[in-house]
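Chain residues, written in single-letter form:
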Amino acid sequence: MNPAALLLLAFAMSTDAFAAAIGRGASLKTPRLTEAFRIGLIFGSIEAVTPLVGWLIGKSASGYVEAWDHWIAFSLLMILGLHMIHEGVKPDEDGVEKPSKQSLLRTCLTAFGTSIDAMAVGVSLAFINVNIWVAAALIGLATTLMVTLGIMMGRALGAVLGHRAEIFGGLTLIAVSTWILSGHL
């Protein structure tokens, strides 16, 4: 696989994380660039590890992951999206503001949900002549960049949506989960 194709693959793998990051940025209380970069690093790290895991699985049992990857991603993102919508529609409590930071567990679960497709790509890469380390590094770097940008774009969108930004974030995750599932049916 040539370098241009690897770079294109890396950015394609980061699109669902980018969409989820816009929703997350909208639901946070004015995230700073450092917070956006921290979230981007978490997403990028997970997105870089999953193709490596997929590649290892691909070397041993490719059919199992490819058969279920979209259902795992769909379920995780759907549950997180519904939870965000629930949080967005429940009545505001006096004095309660949007979080200024994203919980680590929630960030990791969202990142994992959006990176399941990268695991499937890793399985596919096991069958062609590609340097998996370079591919994983490019996927991780592209995702870090795209998620950081998405969080900051979501910040601007959150200012427009106000306290209903959590609903937008949930709908974004549900849309991403549906997009992943529909691409595999």
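Residues numbered from 1 in each chain as written. Predicted model: local features only at pLDDT ≥ 70, side-chain atom pairs only at ≥ 80, totals over all residues. Heavy atoms only, no water.

### A look at the pattern of salt bridges
Test applied: What makes a salt bridge here is a side-chain nitrogen of Lys or Arg within 4 Å of a carboxyl oxygen of Asp or Glu, nothing more. In DSSP terms, a helix is any run of H or I states spanning at least four residues, a strand is any run of E spanning at least two, and both are numbered starting from the N terminus. Only protein chains enter the accessibility calculation, which uses a 1.4 Å probe. A residue is then buried if its area is under 20% of the maximum for its type, exposed if over 50%, and partly exposed in between.
One pass over the structure, following the stated rule, counts 1 salt bridge. A salt bridge links Glu35 to Arg38, with the shortest nitrogen-to-oxygen separation between them at 3.0 Å. Placement of the pair is Glu35 and Arg38 together in helix α3 (residues 33-89), with a separation of 3 residues, close to one helical turn. The class of Arg38 is partly exposed, set by a relative accessible area of 26%.

### Thoughts on the packing of helix α2 (residues 15-27) against helix α4 (residues 104-125)
Definition in use: Only the stretch in contact is used when fitting a helix axis, every axis being a line fitted to C-alpha atoms; angles between N-to-C directions are given from 0 to 180 degrees. Orientation categories follow fixed angle ranges, with anything under 35 degrees roughly parallel, anything over 145 roughly antiparallel, 65 to 115 roughly perpendicular, and all other angles oblique. Crossing handedness follows the turn of the near helix against the far one: under a right angle anticlockwise gives a left-handed crossing, and clockwise gives a right-handed one. Only heavy atoms matter for contacts: two residues are in contact if any of them lie within 4.5 Å across the pair. Classes in brief: Ala, Val, Leu, Ile, Met, Phe, Trp, Tyr, Cys and Pro nonpolar; Asp, Glu, Lys and Arg charged; the others, Gly included, polar.
Axis separation between α2 and α4 bottoms out at 9 Å; the angle between their running directions is 155°. Comparing their axes, α4 and α2 come out roughly antiparallel. When the axes of α2 and α4 are compared, the crossing they make is right-handed. Touching Asp16, Ala17, Ala20 and Arg24 of α2 are Arg106, Thr110, Thr114 and Asp117, all from α4. Taken together, the residues of the contact of α2 with α4 sort by class into 2 nonpolar, 2 polar and 4 charged.

### Some remarks on a nonpolar patch on the surface
Selection rule: Nonpolar side chains (Val, Leu, Ile, Met, Phe, Trp, Tyr) are joined into patches within 5 Å and like charges within 9 Å, using only residues with over 30% relative accessible area and no salt bridge. Values of accessible area rely on a 1.4 Å probe in the Shrake-Rupley scheme; residue burial ignores everything except the protein chains shown.
Taken together, Trp68, Trp71, Ile72, Phe112 and Leu185 make up a surface patch of nonpolar side chains, about 530 Å² in accessible area. Per-element accounting of the nonpolar patch gives the leading share, 3 residues, to α3.

### A look at the environment of Gly81
Its place among the elements puts Gly81 in helix α3. Note: C-alpha distance between Gly81 and Leu173 (92 residues apart in sequence) is 5.0 Å. Excluding residues within four positions of it along the chain, Gly81 makes contact with Gly170, Leu173 and Ile174.

### Comments concerning helix α1 (residues 3-13)
Because an α-helix packs 3.6 residues into every turn, residues spaced three or four apart end up facing the same way. Short version of the rule: By construction, the arc corresponds to the directions joining the helix axis to the C-beta atoms.
What α1 keeps buried is the set Leu6, Leu9, Ala10 and Met13. Taken end-on, α1 shows its buried residues confined to a sector of 100°, consistent with a single buried face. Away from its buried face by more than 90 degrees, α1 exposes Ala4 and Leu8.

### A closer look at the side chain of Ser115
With respect to the helices, strands and loops of the structure, Ser115 is situated in helix α4. By relative accessible area, Ser115 is classed as buried at 0%. Not counting residues within four places of it along the chain, the set of residues in contact with Ser115 comprises Ile46, Glu47 and Thr50.

### Some details on the nonpolar core
A general trend in soluble globular proteins is that nonpolar side chains are found buried together. The line we're drawing: By nonpolar core is meant a set of buried Ala, Val, Leu, Ile, Met, Phe, Trp, Tyr and Cys residues that side-chain atoms within 4.5 Å join together.
Judged by nonpolar contacts, the single largest core of 14 residues is most densely connected at Leu6, Leu9, Met13, Val121, Leu125, Val130 and Ala135. Of all the elements in the fold, those that place two or more residues in this core are α1, α4 and α5 (132-161). When residues no more than four places from it in sequence are discounted, the contact partners of Val121 are Leu9 and Met13. Ala21, Leu28, Ile42 and Ile46 belong to the second largest nonpolar core, which has 11 residues in total.

### As for α4
Going by this rule: Given the number of residues in a helix, its expected span is that number minus one, multiplied by 1.5 Å. The reported bend at a residue is simply the angle between two axes, fitted to the 7 residues ending at it and to the 7 residues beginning with it.
Spanning 22 residues, α4 covers 30 Å between terminal C-alpha atoms, matching the ideal 32 Å at 1.5 Å per step. Maximum bend of α4: about 40°, positioned at Ser115. Here α4 lies mainly inside the structure; 16 of its 22 residues are buried.

### Some points on the environment of Ile180
Position of Ile180 among the secondary structure elements: in helix α6 (residues 165-182). Note: C-alpha distance between Ile180 and His70 (110 residues apart in sequence) is 6.1 Å. Other than its neighbours up to four places away in sequence, Ile180 contacts Asp16, His70, Ala73, Leu77 and Gly113.

None of the figures reported here should be taken as evidence of function without further support.
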